[in-house]
Amino acid sequence: MRHQRYNPNYKFVVEPESFNKYTDRELLQYCLGATMYMPGTKDFLPKILNCAMPGLTTIVFCFEDACAESDVPAAEENVLRTLDAITTAIENGDLDADSVPLIFCRVRNQAQFEHFAERLTPHMAKSLTGINFPKFNSENGDAYFAYLKQLSNRLGEILYGMPIIEDPRVAFIESRMQELMSIRAILNKYYDLVLQVRVGGTDFSSCFGVRRGVDYSIYDIMTVRQCLSDILNIFSRNNDFVVAGPVWEYFRASKEMMFDELPKHTLDDYLMKRKPLVNHEVDGLLREVILDKANGFVGRTVIHPSHIKFVNGLQAVTREEYEDARQILGSSEGGVHKGQNANKMNEVKPHTNWANKVMMRARAFGVIENENSYLRLFSEAN
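Keep in mind that what you see is a predicted model, and the values were worked out from it rather than measured.

Caption draft 1: Structural context of the packing of helix α8 (residues 173-189) against helix α10 (residues 222-235). The contact between α8 and α10 brings their axes to 10 Å, and the two run at 35°. In the crossing of α8 with α10, the sense of the turn from one axis to the other is right-handed. Along its contact with α8, which presents R176, M177, L180, M181, I183, R184 and L187, the element α10 presents T223, Q226, C227, D230, I231, I234 and F235. Here the residues of the contact of α8 with α10 are counted per class, giving nine nonpolar, two polar and three charged.

Right under this line is the structure:
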């Protein structure tokens, strides 16, 4: 699997690297990008076997919110069949393993996780990257990861866990910090099994009876912003864990998402000064992803295929960022240096964590010339 394959003719300064579930965790945790959720009942197998969505790199089959409780048995059956068929197709030479997205399952609760896992075979598990744990908290978290570790050992396959922090105890300020520190202790215990920390912006919003509109971002909802800020503070310090951004709820089903000709203005003109770029729904997503990056999130959950290329495209690193990061990481003596475009200072020690994150994003998503190149990357007509 490799990012940005929806636009195969695009010329990168540095090409994105290929990855799969066996890629070293240090890099793989940065590679998920736009992680698309779908109901566990959805028959997505034909699209995977036919490589119908080259830009899709990560999918999650959901047994929880996207799936009625009565449909869970059918959803489990569908996912098990899908995993088995993918592995068989790869072994038979009918499917290139590099074309298969990372596949996760979001379980409903511990009991449903165990029921599903008991039916997993080593053959199926070859095509499964991990499990998403919803409503992850200090009470259920240790049990989730303990069973995941046991399952990985039984199957002889690496299976990662991704906690989704969205519990009311994190939403409410009086319990938040104690809860986050307890969750942090659990994740430290199972560090090698944690691929990403994910957040539930919609669940947090629900706790306060609010919902962001299409014309503003999750960061404008003050109560939710505080939750996200504290999660980043606890889990992203020193790049200990990669934290992914919350879902953007708006989409437009129209297929007309391409530019007739490349836009003439800068990305900042379109997204920050509100000059229309694509449409309200996509422009709002792009603004929020820019704020994600500014705050330290890497990738995010998506619920519609039209979001994938915009989220993954914006994860690419500009040449200026890349060269600044290389300069910082290449300096053995510390100190301060003039940046790539002679427009900033690169202070080695304070900027090292930033530089490490930039280099990982560059490996996962590629390096482009400058910020205006994002517009060309989004366009399939080059």
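Caption draft 2: Focus on the side chain of N78. Tracing the backbone shows N78 in helix α3 (residues 72-91). In this structure N78 touches G40, T41, K42 and D43, once residues within four positions along its chain are discounted.

Caption draft 3: Layout of the packing of aromatic side chains. Inspection of every chain in the model, using the stated rule, returns 17 aromatic pairs. Here the aromatic rings of F113 and Y147 are separated by 5.1 Å at their centres, their planes lie at 80°, and the arrangement is edge-to-face. Residue F113 is found in helix α4 (residues 110-117), and its partner Y147 is found in helix α6 (residues 141-155); the two are separated by 34 residues along the sequence. Considered together, F113 and Y147 belong to a single accessibility category, that of buried residues. Both rings, one in F235 and one in F241, keep their centres 6.2 Å apart while their planes meet at 70°; by these two values the pair is edge-to-face. When sorted by exposure, F235 lands in the same class as F241, which is buried. Feature note: the residues F113, F133, F136, Y144, F145, Y147 and Y190 constitute an aromatic cluster, connected by ring pairs. The ring of Y191 is capped by R25, whose NZ or CZ atom sits 4.3 Å from the centre of that ring.

Caption draft 4: Up close: unusual backbone geometry. With a phi angle near 70°, Q4 is a residue other than glycine that sits in the positive phi range. Structurally, Q4 can be placed in the segment before α1 (25-28). In this model, N238 sits at a positive phi of 55°, which is unusual for a non-glycine residue. Tracing the sequence through the fold places N238 in the loop between α10 and α11 (267-271).

Analysis parameters
- Residues numbered from 1 in each chain as written.
- Predicted model: local features only at pLDDT ≥ 70, side-chain atom pairs only at ≥ 80, totals over all residues.
- Heavy atoms only, no water.
- Axes fitted to C-alpha atoms, helices over the stretch in contact; angles between N-to-C directions.
- Helix = DSSP H or I, 4+ residues; strand = E, 2+ residues; numbered from the N terminus.
- Left-handed = near helix turned anticlockwise from the far one by under 90°.
- Contact = heavy atoms within 4.5 Å.
- Nonpolar A, V, L, I, M, F, W, Y, C, P; charged D, E, K, R; others polar.
- Phe/Tyr/Trp six-rings, centres within 6.5 Å; stacked < 30°, edge-to-face > 60°.
- Buried < 20%, exposed > 50% of the residue type's maximum accessible area, 1.4 Å probe, protein only.
- Lys NZ or Arg CZ within 6 Å of the ring centre and 35° of its normal.

On their own, these measurements won't tell you what the molecule is for.
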